[in-house]
Amino acid sequence: MMFKLILIFLLFTSLLIARSFNFSEIRYSDAIGRSFEFHGKITFAHDALLINYNNDEKILDYQNGVLVYMENMKQVEISQEQKQEIIQYFEIIMMLYKGENASLLNEFEIEKTDNLSILKPKGSLKNFIEKIVLLQDKEAPKEIKLFLKNSDTITIRIEDEIH
Amino acid sequence: MKYTNYIILVLLLFLGFALKDSMHVSTNLLSLFASKELIQKLEIADNLGYSKEMYVAVKGFDENAKLKINQIATELKSVSKIKLVQSSVLPSDEIINYYKTFYPILALFQENNQTKESIKEQLEYLYNKQNSSAFYTPIDKNDPLKLFHMPSNESVNVAHKSGYIMLENYGYLIRVRTDVSASEMNDAKTLYKDVHEILSKYPETLVFAPFFYTVENSQKIESEVQFIVILSTLILFFIYFVLLRNIHLLLHSFIALLSSVLFATLISTIFFDNFHIISLAFGTSLTGVSIDYLFHYYFHNFYQTKKRVDKNVLYGFLTTLCAFAVFSFIEVPFIAQISIFAVLSLSFAYILFTFLFPMLEIKEYAQKASPKAQNSSKKLSSTVIFLFSIALLTYSFANLQFDNNIRNLDYQNEKLMKIEAIFKSMNQNKMFPVLVEASSKEELLKNLHTLHENTDGTFSLASFVPDTQKCEQRKKELAQYDFERIKAIVNEEASKIGFRENYFKDAYSFTKNLPSCTSIDLEIFKTYNLSFYEHNARIYTLALIKESSKMQTFPFVSSIDVKQMFEKATNAMYESMVLFSFLVLFIILGMLLLSVKKQFLFALNYMLFPSSFVLSLLVTFSSVNIMHIFSLVILIAVGIDYGIYMSNSTKKSNTILAMRYSLLSTFAAFGVLVFSSITALNSIGVVISLGLFAIFMLMRGMK
């Protein structure tokens, strides 16, 4: 009981400092030569990221290193391998959003010009990511474009903040 | 003739200078306790980086801590004697390349039967996922059916968070590989200073390396030794200047002792390999026992008589000599070396004090007020004291507990020990380092894999590199698998489903033209602290294992756990000490029977009572360490002399006086060590001080 209370309290406090935005995600699949667009709400909090897609009730909730995927309010199990891939992807988005320079410099070589940054991975990320192009507006990320090794791209556009 | 003492010293100094290249002194502490073979293995382990690591931790897991880690890592990289600085688990380009090249061999291969239907099903699933999944599902054009799967590699053997190595519950961590081992004092001091200079700019950082003990403890030891030497010198000057008022005697005794030490040093370092500097130091202290001979001669005015030898001193000397001669056969180098040194130096000192000193025109001792003889009715009989000593010995042996931990002998640097404990918490799984050897790289990998198969959680090169035989087997397996058929079906079905034409045209071509299984460059794993070392046509590497008990089952594995090694050596030493002590006891009994006859029990008590008295106190209040044992040997050596002198004395008051001076000088040499906070020195001081007190009690209380 005590544990649950603490958990609720932590969730409540973390949501208090969270910021939510409308966002769009464009995935280009080189295998089929087409792009797919998704819209939803993205919420950033301390050590947490929550993605809620508009059309269907699909939620990806990543908090303190734990990823939960829900469809229609029910938790759906995903393979460990896929989980790891998503976590890695979310960690990168969180780093970019928070502007954690030390972490980014640890994993990427960064070329910065005005509001545009090009990040080239250093370690094993090289096997999956070609580069990341980050577009910022007054230090806040507006667009994150991931160029993947298999020629796919993922573009995340962070739009207006939800108050 | 009166200058002979000086001439002998000059001659010995000259000889020492001329033969300095032939003298072999070892400074490797291990050589005193471990066999040559084990020492060699430890040297190999040192070359592989064992015990040369340094850890730096920055408190916290926030962005600031990461920034600090990056800055410190950059600064450390510029320090000479630092070979490798690692703060993240990011693999090097070489390792990434290795995984890429050897992917078909390293990955798990699901050799299941792929039909046209199953392939179609999997491709349709992938296709649908592209527009329906809430998360991005990548398609691997080289392996769309996921026949290969690389297991998540947690083999890096360190905890990490967002790419940074971490010290759990504390903060981020930097692993540093240095060029400095704990025995290289000068390099250790320089690196210690450089590292602390850098870290002084960064608050809330912790740093530890095994060589820090060498630096910090040696500073403490140096200052303590200085204090002890001053105290000891003051007591000796008090004896000679204030009590004896004979500077001439002081000068000659000092020269005679110096010559004896020099003589023993010359012989032992020229004729014995790896004679250790610590044995020399202890041997030098033991030489101080010979001052008994001088005091006995001086207070009995032996130098003014025409006698060639004093029977009491001769018997005392011979008994001590026999005891050390027997101890020199103990196979533990530490005890053997000290005993050999003692035999040589005590013999030389005896010769000088007995045959040379009569020619030095030593002033006659003017009899002053003799110590008052005690009323013998108030004294205890030697039989009572003997029985009491036996009772004490029985009690001691029943409660005896040995302390095998060599670390306990050192200065207890609690601050550093606390820091070490924080870093040791990293090794929660308690991994033990072992040395694995073979005659070739292929055999080495095979041995490592055998170790991995038999001991869970082992970390070594085999965590990354397959053994040659298994590698060849996988290559054969892949060559036999019909990837061409799979590729043809994939391409055919993919275009029907809606994938781009020829998107999978190169599928599974990575399974062709595989690299040679012997072409793996093991050097690239140095960042994981894994490397190999060639020595005398053998090849070695380190592995970390969880169950050290299983190690003995593999002939190619040797332990390099120094703590374990010391424990083993000290156990062997205690066993042989006990065994040889009985032998020595028989010889001493024989010698006493020969020299003191009727007063046998009386003389024996001088050896038995002090040692049983000290031992019983030790077992009551602490455990017994190697320094206690060593000091008991000194105490026995001193006790034998006193027993013989007291038993055969014709002029008891002078003998008592000689013994009192001798007790004082022995206290000056060893007893003062009781004031030291270094356990090794303090142990000697405690035993000798208590022992001297016991002898003093005997002198006053036994009839």
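Thresholds applied
- Residues numbered from 1 in each chain as written.
- Chains lettered and ligands numbered in written order.
- Predicted model: local features only at pLDDT ≥ 70, side-chain atom pairs only at ≥ 80, totals over all residues.
- Heavy atoms only, no water.
- Helix = DSSP H or I, 4+ residues; strand = E, 2+ residues; numbered from the N terminus.
- Buried < 20%, exposed > 50% of the residue type's maximum accessible area, 1.4 Å probe, protein only.
- Areas by Shrake-Rupley, 256 points an atom, 1.4 Å probe, with all protein chains shown as cover.
- Disulfide = S-S within 2.5 Å.
- Core = buried A, V, L, I, M, F, W, Y, C linked by side-chain atoms within 4.5 Å.
- Contact = heavy atoms within 4.5 Å.
- Buried area = accessible area lost by both parts, 1.4 Å probe.
- Salt bridge = Lys/Arg side-chain N within 4 Å of Asp/Glu carboxyl O.
- Polar contact = N/O pair within 3.5 Å; in protein donor to acceptor, adjacent residues only side chain to side chain.
- pLDDT = per-residue confidence, 0-100.
- Phe/Tyr/Trp six-rings, centres within 6.5 Å; stacked < 30°, edge-to-face > 60°.
- Lys NZ or Arg CZ within 6 Å of the ring centre and 35° of its normal.
- Patch = residues over 30% accessible without salt bridge, like charges linked within 9 Å, V, L, I, M, F, W, Y side chains within 5 Å.
- Pairing = 2+ DSSP bridges.
- Axes fitted to C-alpha atoms, helices over the stretch in contact; angles between N-to-C directions.

## What to know about the overall build of chain A
If you tally the helices and strands in chain A, you get three helices and eleven strands. The buried share of chain A, taken over its 163 residues, is 44%. By element, 55% of the accessible surface of chain A is carried by carbon and sulfur atoms, the whole surface being about 9100 Å².

## As for the state of the cysteines
Residue and element names in this part refer to chain B. Inspection of the entire model under this criterion finds one disulfide over all chains. Note on cysteine connectivity: cysteine 471 is disulfide-linked to cysteine 517, with sulfurs 1.9 Å apart. Its S-S torsion of approximately -80° makes the covalent link between cysteine 471 and cysteine 517 left-handed. Here cysteine 471 is found in helix 17 (residues 468-480), whereas its partner cysteine 517 is found in the loop between helix 18 (483-497) and strand 12 (532-535), with 46 residues between them in sequence. For the pair cysteine 471 and cysteine 517, one class covers both residues: buried.

## Looking at the nonpolar core
Formed by 111 residues in total, the largest nonpolar core has its most connected members in Phe353 and Tyr606 of chain B. Residue contributions to this core peak at 15 residues, all from helix 21 (residues 626-648) of chain B. Ignoring sequence-local partners within four residues, the contact set of tyrosine 606 of chain B consists of Gly639, Tyr642, Gly643, Met646, Met659, Ile695, Leu698, Met699 and Met702 of chain B. Judged by nonpolar contacts, the second largest core, of 66 residues, contains Ile87, Ile92 and Tyr97 of chain A together with Leu478 of chain B.

## Let's talk about the interface of chain A and chain B
Contacts between the two partners involve 33 residues from chain A and, on the opposite side, 30 residues from chain B. Buried surface at the junction of chain A and chain B, both sides included, amounts to about 2900 Å², of which 53% is carbon and sulfur. Interface area lost by chain A to chain B is led by Ala31, Ile32 and Asn106 of chain A, which between them contribute 20%. The interface formed by chain A and chain B holds two salt bridges in total. For arginine 500 of chain B, the salt bridge identified is with aspartate 30 of chain A, shortest N-O distance 2.8 Å. Counting every contact that joins chain A to chain B gives seven residue pairs in polar contact (both at pLDDT 80 or more). In terms of residue count, helix 3 (residues 101-107) of chain A provides more of the side of chain A that touches chain B than any other element does, five residues in total.

## A closer look at the confidence of the model for chain A
When pLDDT drops low, the exact placement of atoms in the prediction is not to be read closely. Chain-level statistics for chain A give a pLDDT mean of 83 and a share of 88% at 70 or above. Across residues 1-14 of chain A the pLDDT falls below 50, and counting only partners more than four positions away or on other chains, this stretch makes two contacts in the model.

## Focus on the environment of isoleucine 385 of chain B
All names here are of chain B. Relative to the elements of secondary structure, isoleucine 385 occurs in helix 14 (residues 382-398). The class for isoleucine 385 is buried, based on a relative accessible area of 7%. Remark: the alpha-carbon pair of isoleucine 385 and asparagine 491, spanning 106 residues in sequence, is separated by 102 Å. Apart from residues no more than four positions distant in its own chain, isoleucine 385 is found in contact with Leu380, Asn605, Phe609, Leu698, Gly701 and Met702.

## Structural notes on the pattern of salt bridges
Overall, the coordinates contain 23 salt bridges over all chains when judged by the stated rule. Taking the shortest distance from any N to any O, the salt bridge between glutamate 25 of chain A and arginine 27 of chain A comes out at 2.7 Å. When salt bridges with common partners are traced through the structure, they connect Lys116, Glu492, Glu493 and Lys496 of chain B into a single cluster.

## Focus on the packing of aromatic side chains
Per the counting criterion, the structure on display carries 53 aromatic pairs over all chains. Ring geometry for tyrosine 293 of chain B against phenylalanine 317 of chain B: centres 6.1 Å apart, planes inclined by 85°, an arrangement best described as edge-to-face. Of this pair, tyrosine 293 of chain B sits in helix 11 (residues 291-299) while phenylalanine 317 of chain B sits in helix 12 (residues 311-327), and the two are 24 residues apart along the sequence. Owing to a relative accessible area of 0%, tyrosine 293 of chain B belongs among the buried residues under this scheme. Measuring from ring centre to ring centre gives 4.2 Å for tyrosine 297 of chain B and phenylalanine 302 of chain B, while their planes differ by 20°; the resulting arrangement is stacked. Of the residues examined, tyrosine 297 of chain B reaches a relative accessible area of 0% and is grouped as buried. Through successive ring pairs, a cluster of aromatic residues spans Tyr103, Phe109, Phe148, Tyr481, Phe483, Tyr508 and Phe510 of chain B. The ring of phenylalanine 38 of chain A is capped by arginine 27 of chain A, whose NZ or CZ atom sits 4.1 Å from the centre of that ring. It is lysine 131 of chain A that lies over the ring of phenylalanine 147 of chain A; its NZ or CZ is 4.9 Å from the centre.

## A look at a nonpolar patch on the surface
Residue and element names in this part refer to chain B. Judged by side-chain polarity, Phe237, Phe238, Phe241, Val242 and Ile247 come together as a nonpolar surface patch covering roughly 460 Å² of accessible area. Ranked by residue count, the leading element in the nonpolar patch is helix 8 (residues 211-244), at four residues. Looking at the element boundaries, isoleucine 247 is found in helix 9 (residues 247-271).

## Things to note about the sheet that holds strand 13 (residues 538-545) of chain B
Residues and elements named next belong to chain B. The strand order across the open sheet formed by four strands is 12-13-11-14, and the pairing between neighbours is antiparallel. In this open sheet, the two strands that pair with only one neighbour each are strand 12 and strand 14 (557-559). Neighbouring strand axes in the sheet, compared pairwise and without regard to direction, differ in orientation by 35° on average. Bridge count for strand 11 (residues 432-438) against strand 13 is seven bridges, and the pairing is antiparallel. Note that in strand 13 the partner of glutamate 437 across the bridge is tyrosine 540.

## Concerning the side chain of threonine 455 of chain B
Residue and element names in this part refer to chain B. Looking at the element boundaries, threonine 455 is found in the loop between helix 16 (441-454) and helix 17. A distance of 2.6 Å separates a polar atom in the side chain of threonine 455 from the backbone oxygen of leucine 451. Among the polar contacts listed, one links the side chain of threonine 455 to the side chain of threonine 458, at a separation of 2.6 Å. Beyond its immediate sequence surroundings of up to four residues, threonine 455 is in contact with Ile545, Glu547 and Lys550.

## A word on the sheet that holds strand 2 (residues 34-45) of chain A
In space, the eleven strands of this open sheet follow the order 6-5-4-3-2-1-11-10-9-8-7 (chain A), with antiparallel pairing throughout. With one partner strand each, in any of the chains shown, strand 6 (74-75) and strand 7 (108-113) of chain A form the two edges of the open sheet. Bridge count for strand 1 (residues 19-29) of chain A against strand 11 (residues 153-162) of chain A is eight bridges, and the pairing is antiparallel. When the bridges of strand 11 of chain A are listed, phenylalanine 23 of chain A appears paired with isoleucine 158 of chain A. This element, helix 6 (residues 116-132) of chain B, spans strand 1, strand 2 and strand 4 (58-63) of chain A of the sheet and lies at about 55° to strand 2 of chain A.

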